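# Chain and residue survey
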Amino acid sequence: MGITKKISGKAMGYVILIGLVILSWAIFKILTPHNFGSFSNMLNYFQASLIATVGAVGFYFVMVMGMFDFSIGANIMLSAIVGCVFATRFNLGYFGLIAGCIITGAIVGTLNGLFYVKLRIPSMIVTTGLALIYESVANYIAGGVEQTLPSNLRAFGQMPGDIILAVAYIFLNYTKIGTYTYAIGSDEFVAKNMGINVNKYKVLAFILSGAFLGVMAILTISYGSSMVAVTGMASMSRNFVPTMGCFFGLAFKKYGMPLPAIIIGEFVINIIFFGFIALGAPTAIQDVITGLALLIIITVTTKATKGEIVK
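Now for a description of the structure that goes with this document. None of these values were measured; they are calculated from a predicted model.

### Details of the overall build of the protein
When helices and strands are tallied, the protein shows 12 helices and two strands. Looking at the protein residue by residue over its 311 residues, the buried ones come to 48%. Taking all contacts inside the protein whose residues are at least 6 apart in sequence as the whole, residues at least 24 apart take part in 81%. For the protein, the computed accessible surface area is about 14,400 Å², with 70% contributed by carbon and sulfur atoms.

Right, dumping it as structure tokens:
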């Protein structure tokens, strides 16, 4: 009975998600039939959505514990700049790009986690303050100059990211980290009574999230070819797409399919984004619709996990 219920729950989740894909595609296909929604277009939309998906599945480790991270954009920016510098200035090629991005992302995640558990203040406040520091460090390293990745180092610009998603699935379903992550997210007090070192696994969650954001940085600079260092929390504009995908995962966690929900959710977000581009809609309108969509997703999610995302 339990297995049957779980399967039917997942089936319902997939029906809802696929329905969202079809609905969003149909709306924009009707509105702009000639320059939107062809098979090749949809393939490109999906491929572009996987870049943010990689960051979203990493961030899920943090959010499922009821924590939040406002330094996502700063992490991506700093990691991409460091990776680009190692790859070009130090002539380390792909090794410098990959190692620079992932190690930097993991270091940022480690700092986020350590400051959060040591200071004992809400993660949103901690990561907001740290984001300002990461932006300043990125700006110093870049020297105020746009960092461009040479064309011969952009092979990951078309990387589907499915291996990274498989790694996330293994972590969440077949390792102690994944089990404890869910346990802490469900009830931190009970997890402590079970003997779980909650602070240790919170830090590990931030480290894993940071490493995945480092991978997203590789894909981002490879896809877009360059990265500009910004300050004054301007990097927060990079927070929203991975965060929205992560909210899809939390909302569909009750169906037992958080990672597929993140993948398909990011695809839906990209369909809407490219649909507005095809319509020629002003950026302000796009932002309004995106903001409304985020509010709806947050509302659905916070009803299921009331009081958890304010830690």
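### Overview of the packing of helix α4 (residues 93–119) against helix α9 (residues 198–224)
Between α4 and α9, the shortest axis-to-axis distance is 7 Å and the interhelical angle comes to 150°. Viewed along their axes, α4 and α9 adopt a mutual orientation that is roughly antiparallel. Relative to α9, the crossing made by α4 is right-handed. Each residue belonging to the contact of α4 with α9 can be placed in one class, and the counts come to 16 nonpolar, nine polar and one charged.

### As for the environment of T104
Inspection of the secondary structure assignment puts T104 in helix α4. Residues T104 and A80, spaced 24 residues apart in sequence, show a C-alpha to C-alpha distance of 8.8 Å.

### A short note on the environment of G256
The residue G256 is located in the loop between α10 (240–251) and α11 (258–279) in this model. Sequence separation between G256 and K10 is 246 residues; the distance between their C-alpha atoms is 6.2 Å.

### Focus: α11
With 22 residues, α11 extends 31 Å from end C-alpha to end C-alpha; this agrees with the ideal 32 Å at 1.5 Å per step. A positive phi of about 75° marks G280, the residue just after α11.

### Let's talk about the packing of helix α3 (residues 72–88) against α4
Between α3 and α4, the shortest axis-to-axis distance is 7 Å and the interhelical angle comes to 150°. The pairing of α3 with α4 is recorded here as roughly antiparallel in orientation. α3 and α4 meet at a crossing whose hand is right-handed. For the pair α3 and α4, the contacting residues are N75, L78, S79, A80, V82, G83, C84, F86 and A87 in the first and G93, G96, L97, G100, C101, T104, G105 and V108 in the second. Taken together, the residues of the contact of α3 with α4 break down into nine nonpolar, eight polar and no charged.

### Quick word on the packing of aromatic side chains
Inspection of every chain in the model, using the stated rule, returns 13 aromatic pairs. With a centroid separation of 5.5 Å and an interplanar angle of 25°, the aromatic rings of F36 and Y45 are classed as stacked. With relative accessibility at 1%, the residue F36 sits in the buried group. Centre to centre, the rings of F252 and Y255 are 5.5 Å apart; their planes meet at 40°, and the pair counts as tilted. You can call F252 buried: its relative accessible area is 7%.

### Quick notes on a nonpolar patch on the surface
On the surface, a cluster of nonpolar side chains totalling about 610 Å² of accessible area is made up of I103, I107, L111, F115, L119, I121 and I125. Considering every element that reaches the nonpolar patch, the biggest residue donor is α4, with five residues. With respect to the secondary-structure elements, I121 resides in the loop between α4 and α5 (123–142). Take I121: its relative accessible area is 33%, and that puts it in the partly exposed class.

### A short note on unusual backbone geometry
Residues other than glycine predominantly adopt negative phi, and peptide bonds predominantly adopt the trans conformation. Positive phi outside glycine occurs at N91, with the angle close to 55°. Relative to the helices and strands, N91 resides in the loop between α3 and α4. For N91, a relative accessible area of 66% translates into the label exposed. Positioned with a positive phi, R120 is a non-glycine residue whose angle comes to about 60°. Structurally, R120 can be placed in the loop between α4 and α5.

What counts as what
- Residues numbered from 1 in each chain as written.
- Predicted model: local features only at pLDDT ≥ 70, side-chain atom pairs only at ≥ 80, totals over all residues.
- Heavy atoms only, no water.
- Helix = DSSP H or I, 4+ residues; strand = E, 2+ residues; numbered from the N terminus.
- Buried < 20%, exposed > 50% of the residue type's maximum accessible area, 1.4 Å probe, protein only.
- Contact = heavy atoms within 4.5 Å.
- Areas by Shrake-Rupley, 256 points an atom, 1.4 Å probe, with all protein chains shown as cover.
- Axes fitted to C-alpha atoms, helices over the stretch in contact; angles between N-to-C directions.
- Parallel < 35°, antiparallel > 145°, perpendicular 65-115°, else oblique.
- Left-handed = near helix turned anticlockwise from the far one by under 90°.
- Nonpolar A, V, L, I, M, F, W, Y, C, P; charged D, E, K, R; others polar.
- Expected span 1.5 Å × (residues − 1).
- Phe/Tyr/Trp six-rings, centres within 6.5 Å; stacked < 30°, edge-to-face > 60°.
- Patch = residues over 30% accessible without salt bridge, like charges linked within 9 Å, V, L, I, M, F, W, Y side chains within 5 Å.
- Salt bridge = Lys/Arg side-chain N within 4 Å of Asp/Glu carboxyl O.

The analysis is restricted to geometry; functional conclusions fall outside its scope.
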